Amino acid sequence: MKSAIALSLIVTGLAATSPAAAAEWQPVEKVQTYSVPGVSGAELYASIGARGPKLSIGTRAIAQTSFALTWTRKYETRGDDCVLATAKPKLIITYVLPKPADALPAPVKANWESFISGVRDHERVHGDYIVEMVKQIEAATVGLTVPADPKCRKIREEMTKRLGALSQEQRQRSRDFDRVELSPGGNVHTLILQLVNGG
């Protein structure tokens, strides 16, 4: 059975914190649910296909991890140089997961619990990748010094280059993870089969 429903990562923001500050911040995690009617595994999965988060025209996801990332930055002029002295991230990670609309028969409920637990674990890996990216951004930008930039303009261009590369790396990592998990024999593919075929 091929799954037409992918799990995905939506990137909504980017940007930079010092190694010292890294221990001070923690991501805020939120969980949102969408309702899936049905009393069998096949019905629930069909509802996911009809109601899951939209990825593109005609394509929906089982679940979705998105994030919003903003920064409080302090630039300092030292002589003619500009230095990013400090930067503190505010990271909000949002997980969107399906939730049954109806009470489920005992066997189906057990299958659903196994399914949603696995999907939740899958999405948390995407969340971990996002947190790791933010830490990489910190390491790559805090303390960055750009010479002959007394108005701190060139430093922003340099940061944009670094952030773009880290963002692309995180997206590719997530795509690769999804590809493995959704391929035949992969963890999410197996969870889908167990849900649909289990009752």
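A brief report on the enclosed structure follows. These numbers were taken from a predicted model, which means no experiment stands behind them. (Residues numbered from 1 in each chain as written. Predicted model: local features only at pLDDT ≥ 70, side-chain atom pairs only at ≥ 80, totals over all residues. Heavy atoms only, no water.)

**Side note on the overall build of the chain**
- If you tally the helices and strands in the chain, you get five helices and six strands.
- Reading the secondary structure of the chain in the N-to-C direction produces β-α-β-α-β-β-β-α-β-α-α.
- Residues classed as buried in the chain amount to 43% of the 199 residues present.
- Carbon and sulfur atoms form 53% of the exposed surface of the chain, whose accessible area is close to 10200 Å². (Helix = DSSP H or I, 4+ residues; strand = E, 2+ residues; numbered from the N terminus. Buried < 20%, exposed > 50% of the residue type's maximum accessible area, 1.4 Å probe, protein only. Areas by Shrake-Rupley, 256 points an atom, 1.4 Å probe, with all protein chains shown as cover.)

**A short note on the pairing of strand 4 (residues 59-78)**
- Of the pairings in the sheet, the one linking strand 3 (residues 54-56) to strand 4 comprises two bridges and is antiparallel in character. Within strand 4, the position partnered with lysine 54 by the bridge is arginine 60.
- Taken together, strand 3 and the strand that follows it, strand 4, pair antiparallel across an intervening segment of two residues, in which glycine 58 is found at a positive phi of about 80°.
- Inspection of the sheet shows strand 4 paired to strand 5 (residues 81-100) by 15 bridges, in the antiparallel sense. Each bridged residue has a counterpart across the sheet, and for lysine 74 the counterpart in strand 5 is threonine 86.
- Hairpin remark: strand 4 followed by strand 5, antiparallel, with two residues in the connecting loop; positive phi at glycine 79, about 70°. (Pairing = 2+ DSSP bridges.)

**Notes on the packing of helix 3 (residues 106-141) against helix 4 (residues 154-182)**
- Between helix 3 and helix 4, whose axes approach to 10 Å, the crossing angle comes to 160°. With respect to each other, helix 3 and helix 4 are oriented roughly antiparallel. The handedness of the crossing between helix 3 and helix 4 comes out as right-handed. Side by side, helix 3 and helix 4 meet where His122, Val125, His126, Tyr129, Ile130, Glu132, Met133, Gln136, Ile137, Ala140 and Thr141 of the first sit next to Met159, Arg162, Leu163, Leu166, Ser167, Glu169, Gln170, Arg173, Ser174, Phe177, Asp178 and Glu181 of the second.
- Residue composition of the contact of helix 3 with helix 4, grouped by class: 10 nonpolar, seven polar and six charged. (Axes fitted to C-alpha atoms, helices over the stretch in contact; angles between N-to-C directions. Parallel < 35°, antiparallel > 145°, perpendicular 65-115°, else oblique. Left-handed = near helix turned anticlockwise from the far one by under 90°. Contact = heavy atoms within 4.5 Å. Nonpolar A, V, L, I, M, F, W, Y, C, P; charged D, E, K, R; others polar.)

**Details of the state of the cysteines**
- If you walk through the whole model with that rule in mind, you get one disulfide.
- Each sulfur of the disulfide joining cysteine 82 and cysteine 152 lies 2.0 Å from the other. Because the torsion about its S-S bond is 105°, the bridge between cysteine 82 and cysteine 152 counts as right-handed. Linking cysteine 82 in strand 5 with cysteine 152 in the loop between strand 6 (145-146) and helix 4, this pair joins segments that are 70 residues apart in sequence.
- Overall, the relative accessible area of 7% leaves cysteine 152 in the buried class. (Disulfide = S-S within 2.5 Å.)

**Examining the pattern of salt bridges**
- Per the counting criterion, the structure on display carries six salt bridges.
- A salt bridge links arginine 124 to glutamate 29, with the shortest nitrogen-to-oxygen separation between them at 3.2 Å. Here arginine 124 is found in helix 3, whereas its partner glutamate 29 is found in strand 2 (residues 28-36), with 95 residues between them in sequence.
- The class of arginine 124 is partly exposed, set by a relative accessible area of 31%.
- Given the relative accessible area of 44%, glutamate 29 is considered partly exposed.
- Notably, a salt bridge pairs arginine 162 with glutamate 158, separated by 3.1 Å at the nearest N-O pair. One end of the pair, arginine 162, and the other, glutamate 158, are both in helix 4, four residues apart, so they sit about a helical turn from each other.
- Assessed through its relative accessible area of 26%, glutamate 158 is described here as partly exposed.
- A network of salt bridges, in which partner residues are shared, links Lys74, Glu76 and Arg78. (Salt bridge = Lys/Arg side-chain N within 4 Å of Asp/Glu carboxyl O.)

**Topic: the nonpolar core**
- Membership of the largest hydrophobic core comes to 23 residues, with the highest contact counts inside it found for Phe67, Leu91, Ile93 and Ile155.
- The greatest single-element share of this core, amounting to six residues, is contributed by strand 5.
- Leaving out residues up to four positions away in the same chain, leucine 91 has contacts with Trp25, Pro27, Val28, Phe67, Ala68, Leu69, Ile130, Val131 and Val134.
- If you look at the next biggest cluster of nonpolar residues, it comprises 21 residues, including Tyr45, Ala63, Leu191 and Val196. (Core = buried A, V, L, I, M, F, W, Y, C linked by side-chain atoms within 4.5 Å.)

Treat this as a map of the structure, not an account of what it does.
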